[in-house]
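Inside the fold
So you can see what is in the structure, the chains are spelled out below.
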Amino acid sequence: MFTPTEAAAIAAAYATFLAMVVYREVGWRELAEIMRSTAVDTGVVMLIVSMAMIYGYLVTRAGLTQGM
């Protein structure tokens, strides 16, 4: 029915719904903090990935992948 990406988005929305409406463990303020923390963590991971890609490109351009 769904692609893996769509299924992940639906699962995240469902988990948020359960936590906020059914179990009432997360309020609006906590949700905002969770979203902020998630954005920061994602940004850090993406920065690491982008630096690794740049490093790989520079190593390739310098010819270091040809062996010695």
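1. Looking at helix 2 (residues 28–61)
Under the 1.5 Å per step criterion, the end-to-end length of helix 2 is 49 Å for 34 residues, consistent within 8% with the ideal 50 Å. Of the residues trailing helix 2, Gly63 is marked for its positive phi of about 80°.

2. Let's talk about helix 1 (residues 4–22)
In this model, helix 1 (19 residues) spans 25 Å end to end at C-alpha, consistent with the 27 Å of a helix rising 1.5 Å per residue. Backbone geometry just downstream of helix 1 places Arg24 in the positive-phi region, at approximately 50°.

3. Side note on the pattern of salt bridges
Going through the model one piece at a time under the given rule, you end up with 1 salt bridge. Among the ionic pairs, Arg36 bridges to Glu33, the shortest N-O distance being 3.0 Å. One end of the pair, Arg36, and the other, Glu33, are both in helix 2, 3 residues apart, so they sit about a helical turn from each other. Given a relative accessible area of 48%, Arg36 falls into the partly exposed group. Of the residues examined, Glu33 reaches a relative accessible area of 42% and is grouped as partly exposed.

4. Section: a nonpolar patch on the surface
Taken together, the side chains of Tyr14, Phe17, Val21, Val22 and Tyr23 make up a nonpolar region of the molecular surface, amounting to roughly 540 Å² of accessible area. As for its placement among the helices and strands, Val21 is situated in helix 1. Judged by its relative accessible area of 43%, Val21 is partly exposed.

5. Re the environment of Leu64
Residue position: Leu64 is located in the segment after helix 2. Considering only alpha carbons, one finds Leu64 and Ala15, 49 residues apart in sequence, at a separation of 47 Å.

6. Here's the deal with the environment of Glu25
Among the structural elements, Glu25 can be located in the loop between helix 1 and helix 2. It is 42 Å that separates the C-alpha atoms of Glu25 and Ile54, two residues lying 29 residues apart in sequence.

The rules we used
Residues numbered from 1 in each chain as written. Predicted model: local features only at pLDDT ≥ 70, side-chain atom pairs only at ≥ 80, totals over all residues. Heavy atoms only, no water. Helix = DSSP H or I, 4+ residues; strand = E, 2+ residues; numbered from the N terminus. Expected span 1.5 Å × (residues − 1). Salt bridge = Lys/Arg side-chain N within 4 Å of Asp/Glu carboxyl O. Buried < 20%, exposed > 50% of the residue type's maximum accessible area, 1.4 Å probe, protein only. Patch = residues over 30% accessible without salt bridge, like charges linked within 9 Å, V, L, I, M, F, W, Y side chains within 5 Å. Areas by Shrake-Rupley, 256 points an atom, 1.4 Å probe, with all protein chains shown as cover.

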